[in-house]
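If you want the building blocks of each chain, they are given just below.
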Amino acid sequence: MSETAKIIYDGKEYELPVITGTENEKAIDIGSLRQMSGLITLDYGYKNTGATSSKITFLDGEKGILKYRGYGIEELAEKSSFIEVAYLLIFGDLPNQDQLERFEGAIRNNRMVHEDYKRILGGFPSRSHPMGVLSSLVTSLTAFFPESLDPNRSPEGVNLSIVRILAKMPTFAAWTYKHKIGHPVNYPSSKEDYCSNLLHMMFKQPGADYEVDPVIANALDKLLILHADHEQNCSTSTVRITGSSHGSLYTSVSAGINALWGPLHGGANMEVINTLENIREDGGDTKKWMDKAKDKDDPFRLMGFGHRVYKNFDPRARIIKKAADDVLDKLGVNDPVLDIAKGLERVALEDEYFVERKLYPNVDFYSGIIYRALGIPVDMFTVLFALGRLPGWIAQWKEMRENKEPIGRPRQVYTGETNRTYVPLNQR
Ligand code: CMC
């Protein structure tokens, strides 16, 4: 007999089914609770609420496990490529040679964007934050490909939208950067792999040669794999909920970019470097900054520490910390900020406040150090996170639509005024 859970309220007992996932995760299905009892559940920040069931990503925050479609993140980061991981996340299995070549080829061939994008970019002041520009450019794909708005699009049509956004996001990212620094844009090249093409578009100067350093391209590829999906986080839930109104892939991803931008989510990678720089300029006293983070009257938080689900370690942070050492070593970069980061980690891991609250370095703590060593400017860090997360957003949007999930619409407990009578302006 399948498991059930009971809720007792007002002398009555309500029995609800318990759902078990393939990794033995348990959930009480409260779908019929309101109908039976008039009750809803209340869970600020969805800390304990499953919004869907999904076959894409599994993570166990206590044990520090992260798997995409059943493959451990450590193995994928070591042996796979970002494009292969994108295919895995979106279509469910690793591609064979032919499938990979066709997928990669289609992405290479769709990298160009309409020439009018130069005029659109030109309308943004150069001080614009790249995340705002990126989300606008992604939304504007609906103007160039209006057929993408059709909620009944054929699977082939949906696949074309998927290929287009995967192909064009690096072009948007690089062009956003070039516009910001006032340089002419570089056109994409169909000859280069995903990351080399991005680096080429970002760093080639007019009239000068630019050779992509394979150390840099490989490090970037690994970082994108590590960011590729993370189940129902803030931005991914935003993508799913936007898509649940039958919003298009492009508008849903654009919404996800905006959700990712905030400093508590993807924007943390920028904040980490800013904090480490501040500590360095302030003389490198890590304890002073730790005390600031612990002071409840001070809004300062140690960015790059803590995670909603990881409570022992973030497996991505472990891989990235090692990669940061390797990259800096191979490139011969000596970044004093890396020493400050390691010092801060050492102090935090022994600090009662941090230990009690299970605050460990997360994915964003060391990624900024690698991005910096690769020559990527700080305000582009979150754009790179968005590029990495794109296959996850696509996979989650596609799964939600294929499952024909209902429109997302939470309920609330109303706590405002009741029954007030309108008072004319001259009597208030
Ligand atoms: N520095 C100092 N104190 C912290 C920090 C921090 N970075 N993170 C959490 N705390 C404290 C918090 O003040 C609270 O203390 P108390 O119980 O005394 O009130 C306790 O730890 C629990 O924190 P919370 O904010 O209730 O936890 P949450 O699950 O709602 O938030 C978090 C998770 C990631 C938003 C939070 O840890 C944080 O703000 N971290 C810094 C920002 C950051 O690095 N974000 C990137 C996350 S990884 C990339 C991604 O997937 O988005």
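Refer to the structure printed above.
The numbering scheme is per chain: residues are counted from 1 as the chain's sequence reads. Note on the predicted model: pLDDT of at least 70 is required for a residue's local features to be given, and 80 or more for side-chain atom pairs to be given and counted; whole-chain, interface and lining totals, by contrast, use all residues. The basis for every side-chain value is the complete set of non-hydrogen atoms in the structure, without hydrogens or water.

A. Examining the overall build of the protein more closely. The secondary structure content of the protein amounts to 19 helices and six strands. In this treatment the radius of gyration is a C-alpha quantity, and the globule benchmark scales as 2.2 Å times the residue count to the 0.38 power. Relative to the globule expectation of 22 Å for 428 residues, the C-alpha radius of gyration of the protein, 23 Å, shows essentially globular dimensions. Counting only C-alpha atoms, the protein reaches 80 × 65 × 55 Å along its principal axes. Looking at the protein as a whole, 48% of its 428 residues are labelled buried. Of the contacts made within the protein by residues no fewer than 6 positions apart, 71% connect residues no fewer than 24 positions apart. Under the convention used here, a 1.4 Å probe and the Shrake-Rupley method define accessible areas, while residue burial counts only the protein chains that appear. Total accessible area on the protein is roughly 22100 Å²; 50% of this is exposed by carbon and sulfur atoms. Runs of E in the DSSP output that reach at least two residues are strands. Runs of H or I that reach at least four are helices, and both are numbered from the N terminus. Buried, partly exposed and exposed residues are distinguished by accessible area as a fraction of the type maximum, computed with a 1.4 Å probe on protein chains only: under 20%, between the cut-offs, and over 50%, respectively. Contacts are residue-level and defined by heavy atoms, with any inter-residue pair within 4.5 Å sufficient.

B. Quick peek at the pattern of salt bridges. What counts as a salt bridge is simple: a side-chain nitrogen of Lys or Arg found within 4 Å of a carboxyl oxygen of Asp or Glu. According to the stated counting rule, one finds 27 salt bridges in the structure shown. Arg-240 is the salt-bridge partner of Glu-405, the closest N and O atoms lying 2.8 Å from each other. Remark: Arg-240 occurs in helix H11 (residues 234-243) and Glu-405 occurs in the segment after helix H19 (381-402); sequence separation between them is 165 residues. Residue Asp-326 is joined to Lys-322 by a salt bridge in which the shortest nitrogen-to-oxygen separation is 3.1 Å.

C. Representation of the sheet that holds strand E3 (residues 26-28). Strands are treated as partners if at least two bridges between them are detected by DSSP. Taken in spatial order, the three strands line up as E1-E2-E3 in an open sheet, and their pairing is antiparallel. Of all the strands in the sheet, just strand E1 (4-9) and E3 have a single pairing partner and so form its edges. Averaged over all pairs of adjacent strands, the angle between their axes in this sheet comes to 30°, without regard to strand direction. Note that strand E2 (residues 12-20) and E3 share three bridges and pair antiparallel. Each residue of the ladder has a partner; that of Val-18, found in E3, is Ile-28. Structural elements are reduced to axes, namely lines fitted to C-alpha atoms, with helices fitted over the stretch in contact, and the angle between N-to-C directions of any two is expressed from 0 to 180 degrees.

D. The layout of surface pockets, seen in detail. A cavity here means a set of 1 Å grid points, computed over protein atoms only, where a 1.4 Å probe fits but cannot escape. A pocket is an open set with protein on both sides within 12 Å along at least 5 of 7 lines, and lining residues have an atom within 4 Å of a point. Grid points are joined across faces, edges and corners, and a volume is the space filled by probe spheres set on the points. The calculated volume of the second largest pocket comes to roughly 490 Å³. Forming the boundary of the second largest pocket are 21 residues, of which Pro-151, Arg-153, Val-158, Arg-401 and Glu-402 lie nearest the centre. Listing elements by their share of the lining of the second largest pocket, those giving two or more residues are helix H8 (155-181) and H19. Considering every element that reaches the lining of the second largest pocket, the biggest residue donor is H19, with five residues. Amino acids outside the nonpolar list (Ala, Val, Leu, Ile, Met, Phe, Trp, Tyr, Cys, Pro) and the charged list (Asp, Glu, Lys, Arg) are all regarded as polar, and Gly is one of them. Per-class residue counts for the lining of the second largest pocket are six nonpolar, eight polar and seven charged.

E. View of empty space enclosed by the protein. For the structure on display, the rule yields one cavity of 30 Å³ or more. Considering only enclosed or pocket space, the largest cavity measures out at about 40 Å³ in volume. Pro-125, Ser-126, Ser-128, Val-133, Thr-176, His-179 and Lys-180 are the residues that line the largest cavity. Take the lining of the largest cavity: its biggest share by element is three residues, from H8. Within the lining of the largest cavity, the residues separate by chemical class into two nonpolar, four polar and one charged.

F. Quick peek at the packing of helix H3 (residues 82-91) against H19. Their axes nearest at 8 Å, the elements H3 and H19 cross at an angle of 20°. Between H3 and H19, the angle falls in the class roughly parallel. The interaxial crossing formed by H3 with H19 has right-handed handedness. Only Leu-387, Gly-388, Pro-391, Gly-392, Ile-394, Ala-395 and Lys-398 of H19 make contact with H3, whose side of the interface consists of Phe-82, Ala-86, Leu-89, Ile-90 and Phe-91. Every angle not falling under 35 degrees, over 145, or within 65 to 115 is termed oblique; those three ranges are roughly parallel, roughly antiparallel and roughly perpendicular. Helix crossings get a hand from a simple test, with the near helix turned counterclockwise from the far one by less than a right angle marking a left-handed crossing and a clockwise turn marking a right-handed one.

G. Structural detail: the side chain of Thr-171. Turning to its location among the elements, Thr-171 is positioned in helix H8. A relative accessible area of 0% places Thr-171 in the buried class. Those residues in contact with Thr-171 that sit more than four places away from it in its chain are Arg-111, Val-113, Pro-188 and Met-201.

H. Representation of the site of the ligand within the structure. Neighbouring the ligand are 20 residues; His-265, Arg-301, Leu-302, Gly-304 and Arg-308 lie closest to it. For the ligand, a nitrogen atom lies 2.9 Å from a polar atom in the backbone of Phe-305. Within the side chain of Arg-308, one N or O atom sits 2.7 Å away from an oxygen atom of the ligand. Computed on the free molecule, the ligand has an accessible area of 940 Å², of which 78% lies beneath the protein chains in the complex. A single heavy atom is enough: if one lies within 4 Å of a molecule or strand, its residue is considered near that molecule or strand. Polar contacts here mean pairs of N or O atoms no more than 3.5 Å apart (in protein, one a potential hydrogen donor and the other a potential acceptor; neighbouring residues in sequence count only if both atoms are side-chain atoms).

I. Spotlight on the packing of helix H13 (residues 268-281) against helix H16 (residues 336-350). Remark: H13 packs on H16, axes separated minimally by 10 Å, with the N-to-C direction vectors making an angle of 95°. Our classification of the angle between H13 and H16 gives roughly perpendicular. The residues of H16 that touch H13, namely those facing Ile-273, Leu-276, Glu-277, Ile-279 and Arg-280, are Pro-336, Val-337, Ile-340, Ala-341 and Leu-344. Its residues assigned to classes, the contact of H13 with H16 comprises eight nonpolar, no polar and two charged.

J. Representation of helix H14 (residues 286-294) in the model. Three or more residues of H14 are buried, namely Thr-286, Trp-289, Met-290 and Ala-293. One side of H14 holds all its buried residues, which, seen down the axis, span an arc of 105°. Those residues of H14 hidden inside the fold are in contact with H13, H16 and helix H17 (352-356). One side-chain oxygen at the N-terminal end of H14 lies 3.2 Å from the backbone nitrogen of Lys-287; it belongs to Asp-285. As used here, the arc belongs to the directions running from the helix axis to the C-beta atoms.

K. Here's a closer look at the sheet that holds strand E6 (residues 71-72). Strands sit in the order E4-E5-E6 across an open sheet of three strands; the sheet is antiparallel. Both edges of this open sheet fall to strand E4 (57-60) and E6, since each of them pairs with a single strand only. With four bridges connecting them, E4 and strand E5 (residues 65-68) associate as antiparallel partners. Note that in E5 the partner of Asp-60 across the bridge is Ile-65.

L. Structural detail: the pairing of E5. Here E5 shows a clear split, with Leu-66 and Tyr-68 buried on one side and none of Ile-65 and Lys-67 buried on the other. Where E4 folds back onto E5 in an antiparallel hairpin, the turn is made up of four residues, including Gly-64, whose phi is positive at roughly 70°. As paired elements, E5 and E6 share two bridges and run antiparallel to each other. Across the sheet, residue Tyr-68 finds its bridge partner in E6, namely Tyr-71. Where E5 hands over to E6, the hairpin turn is made up of two residues, of which Arg-69 adopts a positive phi near 50°.

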